[in-house]
Amino acid sequence: MSNDILSHTEGAILTLTFNRAQKKNSITVDMYQQLADALTAASTDATIRVVVFQGHEAIFSAGNDLGDFMNVPPAGGDSPVFQFLRAIASFPKPIIAAVCGPAVGIGTTLLLHCDLVIAGDNAAFSMPFVNLGLCPEAASSLLVPQMMGYHRAAEALLLGEPFMAEAALEVGLVNRVVPPSEATRVAMQWAQKLAAKPISSLIETKRLLKKGDAQVVAERMKEEGVSFGRMLREPAAKEAFTAFMERRLPDFSNV
Ligand code: COA
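An account of the accompanying structure is given in this report. Numbering of residues starts from 1 in every chain and runs along the sequence as written. Whole-chain, interface and lining totals are the exception, using all residues; otherwise, since this is a predicted model, local features are given only for residues with pLDDT of at least 70 and side-chain atom pairs are given and counted only at 80 or more. Hydrogens and water are ignored here; the side-chain numbers use all heavy atoms of the structure.

### Some points on the site of the ligand
Thinking step 1. Inspection of the region around the ligand gives 14 residues, with K23, K24, A62, N64 and L66 positioned closest.
Thinking step 2. In the model, an oxygen atom of the ligand is placed 3.2 Å from a nitrogen or oxygen of the R247 side chain.
Thinking step 3. Residue exposure ignores everything except the shown protein chains as possible cover, and the areas themselves are Shrake-Rupley values with a 1.4 Å probe. About the coverage of the ligand: the protein hides 66% of its 870 Å² of free accessible area.
Thinking step 4. Broken down by class, the residue content of the shell around the ligand amounts to six nonpolar, four polar and four charged. Only heavy atoms are used to decide nearness, and a residue is near a molecule or strand if one of them lies within 4 Å of it. Polar contacts here mean pairs of N or O atoms no more than 3.5 Å apart (in protein, one a potential hydrogen donor and the other a potential acceptor; neighbouring residues in sequence count only if both atoms are side-chain atoms). All amino acids are sorted into three groups, where Ala, Val, Leu, Ile, Met, Phe, Trp, Tyr, Cys and Pro are nonpolar, Asp, Glu, Lys and Arg are charged, and the leftover types, Gly among them, are polar.

### Notes on helix α10 (residues 214–232)
Thinking step 1. Every helix listed is a DSSP run of H or I at least four residues long, and every strand listed is a run of E at least two residues long, numbered separately from the N terminus. To estimate the expected span of a helix, count its residues, drop one, and scale the result by 1.5 Å. In a regular helix each residue adds 1.5 Å, so 19 residues correspond to 27 Å; α10 covers 26 Å between its end C-alpha atoms and thus fits that length.
Thinking step 2. Buried, partly exposed and exposed residues are distinguished by accessible area as a fraction of the type maximum, computed with a 1.4 Å probe on protein chains only: under 20%, between the cut-offs, and over 50%, respectively. The complete set of buried residues in α10 reads V217, M221, E224, G225, F228, G229, M231 and L232. End-on, the buried residues of α10 take up no more than an arc of 150°, which puts them together on one face. In α10, the exposed positions angled more than 90 degrees off the buried face are occupied by Q215, K222, E223 and V226.
Thinking step 3. Pairs of residues are marked as contacts when any of their non-hydrogen atoms sit within 4.5 Å. Of the surrounding elements, those touching the buried residues of α10 are α2 (66–71), α3 (80–89), α5 (140–148) and α11 (235–245). Taken from the helix axis, the directions to the C-beta atoms give the arc we talk about.

### Focus: the sheet that holds strand β5 (residues 102–104)
Thinking step 1. At least two bridges found by DSSP between two strands is the condition for calling them paired. The three strands are arranged β5-β7-β8 in an open sheet whose pairing can be described as mixed. With one partner strand each, in any of the chains shown, β5 and β8 (163–164) form the two edges of the open sheet.
Thinking step 2. Two elements, strand β7 (residues 124–126) and β8, share two bridges in a ladder whose sense is antiparallel. The residue bridging F125 from the neighbouring strand is F163, located in β8.

### Description of the nonpolar core
Thinking step 1. Residues grouped as a nonpolar core are buried Ala, Val, Leu, Ile, Met, Phe, Trp, Tyr and Cys residues, joined through side-chain atoms within 4.5 Å. Judged by nonpolar contacts, the single largest core of 66 residues is most densely connected at F53, F84, L111, F125 and L134.
Thinking step 2. Ignoring sequence-local partners within four residues, the contact set of L134 consists of F69, F129, F228, M231, L232, A237 and F241.
Thinking step 3. If you look at the next biggest cluster of nonpolar residues, it comprises 18 residues, including I13, V52, M188 and A195.

### Let's talk about the packing of aromatic side chains
Thinking step 1. Aromatic contacts are taken between Phe, Tyr and Trp rings whose centres are within 6.5 Å, Trp giving its six-membered ring; a plane angle under 30 degrees counts as stacked, one over 60 as edge-to-face, and the others as tilted. By the definition in use, this model includes eight aromatic pairs.
Thinking step 2. Geometrically, the ring pair formed by F69 and F228 is tilted, given 5.6 Å between the ring centres and 55° between the ring planes. Here F69, found in helix α2, pairs with F228, found in helix α10; they are 159 residues apart in sequence, far enough to count as distant. With respect to burial, F69 and F228 carry one shared label: buried.
Thinking step 3. With centroids separated by 5.5 Å and ring planes inclined at 25°, the aromatic side chains of F69 and F241 adopt a geometry described as stacked. Taken together, the residues F69 in helix α2 and F241 in helix α11 connect sequence positions 172 residues apart.
Thinking step 4. Here F69 falls in the buried class, since its relative accessible area comes to 7%.
Thinking step 5. F241 sits in the buried class, given a relative accessible area of 1%.
Thinking step 6. A connected cluster of aromatic rings, assembled from ring pairs, spans F18, Y32, F53, F60 and F84.

Okay, structure coming up:
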C-alpha cells in the first residue's frame, strides 16, 4: 500500500491525510480505495468517534488524477471513487476537514459531505467540471444550489472558476477561516471537543440533520455518476485532459 493517504489514529480521532504533494494531492484509484476502506472500517469501529480530512498547508487536493481519468476511468457503481463517495455521504459520525490551498473538483465536493470545514486563508475552491468536458459529481448539482442559491451555484459550476476562503465562508461552505498554519490545530481542537461528547448523541444528531436528504443525495450521485462516466469517454474530456498534460489551453471549438 502506498503512503499517498496517511491514516493516523490518536485517541478517538482518525486523521486521513492526502499525501501526494508532488502531484498536488490529486487522487488516484488506489487512494479512493484506501479512503473508502478507511471510512467503512471507521463507521463501525466503536473506538473511532471523529474523522479529520486534511492535505498540506499549500495544497488540499487537485481533485481526481487526470491521468487516471484517461487511463482507468471509473466503470460502474463499484468503482473506488463511487465507493468513497457513498462511504463519505453516509458516514454516521462527525467529519471535519482542514482545507488549505487549492481544493479542486472532488477536493471541493467532498466537503459537502463533511460536517465542519476549517479553511486556511489561502484556500481556493473550484469545481471546474465543465472546463474538463464533464458534469458535477458527489451530488454537488443538488447540494451546491441548496447551499449557495441557484445563481451562485451556476457561477461556481458553469464558469468553474476558483473562489477563495472568504467567499466560501460567506456562502456557508466553510465554518471558519484561519491562517494556514492554524488550520490543523483548530480542526484537531474541534475534533477533541466532539470526541469528548456522547457518541450516541453525535450519531443521532447527524442522522436527524441529514434526515430526508440521504435518499435524494444517493439518487443524485447515481444520476451524476452515469453522465460523468459517459462524458469521461467523450471528445471534450479527452481534449481537456490532453491539453492539461501538454500544458496548453484546451480547444473546444469542435466538441
Ligand atoms: N492529476 C494529475 N496530476 C496533477 C493534477 C491532477 N489533477 N494536478 C496537478 N498534477 C500534477 C501536474 O501534472 C504536475 O506534475 P509534473 O510535476 O510531473 O509535471 C504537478 O502535479 C504540479 O502541478 P502544477 O500544475 O505544475 O502545479 P501548480 O501549482 O501550477 O497548480 C493546480 C496547481 C492544482 C491549480 C493545478 O495543478 C491544476 O489545476 N490541476 C488540475 C486540477 C483539475 O482539473 N482536477 C480535476 C478536477 S475534476
